[in-house]
Amino acid sequence: MKEAPAIALAKFVTIDDRLPLGLNSSPMLANLICFDLDNQFEKLASDYGCKYTRYADDISISGLSRLPERREIEKILNKEGFNLSQKNFELPKKGKHITLQA
């Protein structure tokens, strides 16, 4: 993004030079920031015959068959500048979905 639009966007989404939680623009910003991440997870999930969903920083990959491995998930997250939360990573039991928090 060029400097002038970046400055205008920063002024629009911050209060006192800080990015507050819960601002109306937060979902839009999360979607913009995670655009490439979402595309990569969509492809990974599709390759496994699974469904990918994300709400803010909660990622779910669900399916009836095999699920992507932890290393595949972590590789995508790291590539996009995120880290996998070690305490919030869950491997599902049969019939459950996997929930990740970046």
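Summary of the structure given here. (Residues numbered from 1 in each chain as written. Predicted model: local features only at pLDDT ≥ 70, side-chain atom pairs only at ≥ 80, totals over all residues. Heavy atoms only, no water.)

Focus: the packing of aromatic side chains
Argument step 1. Counted according to the given criterion, the structure contains one aromatic pair.
Argument step 2. Ring centres of Phe 41 and Tyr 52 lie 5.4 Å apart, and the angle between their planes is 20°; this geometry places the pair in the stacked category. Taken as a pair, Phe 41 in helix α3 (residues 35-47) and Tyr 52 in strand β1 (residues 51-55) lie far apart in primary sequence, 11 residues in all. For the pair Phe 41 and Tyr 52, a shared accessibility class is recorded, and that class is buried.
Argument step 3. Its guanidinium or amino end placed over the ring of Phe 89, Arg 70 lies 4.3 Å from that ring's centre, counting from NZ or CZ. (Phe/Tyr/Trp six-rings, centres within 6.5 Å; stacked < 30°, edge-to-face > 60°. Helix = DSSP H or I, 4+ residues; strand = E, 2+ residues; numbered from the N terminus. Buried < 20%, exposed > 50% of the residue type's maximum accessible area, 1.4 Å probe, protein only. Lys NZ or Arg CZ within 6 Å of the ring centre and 35° of its normal.)

Some points on the pairing of β1
Argument step 1. What you see with β1 is a clean split: Tyr 52 and Arg 54 sit on the buried side and Lys 51, Thr 53 and Tyr 55 on the side with no burial.
Argument step 2. Of the pairings in the sheet, the one linking β1 to strand β2 (residues 58-62) comprises five bridges and is antiparallel in character. Counterpart to Thr 53 in the pairing with β2 is Ser 60.
Argument step 3. Here β1 hands over to β2 after two residues, with Ala 56 in that stretch at a positive phi of 55°. (Pairing = 2+ DSSP bridges.)

Re the pattern of salt bridges
Argument step 1. A complete count under the given rule lists three salt bridges for this structure.
Argument step 2. We note a salt bridge from Arg 54 to Asp 38, for which the minimum N-O separation is 2.8 Å. Taken as a pair, Arg 54 in strand β1 and Asp 38 in helix α3 lie far apart in primary sequence, 16 residues in all. Accessibility assignment for this pair places Arg 54 and Asp 38 in one class, buried.
Argument step 3. Its salt-bridge partner being Lys 43, residue Asp 47 comes within 3.0 Å of it at the nearest N-O pair. Here Lys 43 and Asp 47 lie together in helix α3, a separation of four residues that amounts to about one turn.
Argument step 4. Residue classification places Lys 43 among the exposed positions, given a relative accessible area of 54%. (Salt bridge = Lys/Arg side-chain N within 4 Å of Asp/Glu carboxyl O.)

Considering the nonpolar core
Argument step 1. Leu 37, Phe 41, Tyr 52, Ile 61, Ile 73 and Leu 77 are the most contacted members of the largest nonpolar core, which has 16 residues in total.
Argument step 2. The element best represented in this core is α3, accounting for four residues. (Core = buried A, V, L, I, M, F, W, Y, C linked by side-chain atoms within 4.5 Å.)

Quick look at the environment of Arg 70
Argument step 1. Its place among the elements puts Arg 70 in helix α4 (residues 70-79).
Argument step 2. Setting aside residues no more than four positions away along its own chain, Arg 70 makes contact with Leu 84, Gln 86 and Phe 89. (Contact = heavy atoms within 4.5 Å.)

Points about unusual backbone geometry
Argument step 1. Even without being a glycine, Asp 16 presents a positive backbone phi close to 50°.
Argument step 2. Its location among the elements puts Asp 16 in the loop between α1 (3-13) and α2 (26-33).
Argument step 3. Residue Asp 16 is classed as exposed on the basis of its relative accessible area of 69%.
Argument step 4. The backbone phi angle of Ala 56 is positive, close to 55°, even though this residue is not glycine.
Argument step 5. By the element assignment, Ala 56 lies in the loop between β1 and β2.
Argument step 6. Classification of Ala 56 as partly exposed rests on a relative accessible area of 46%.

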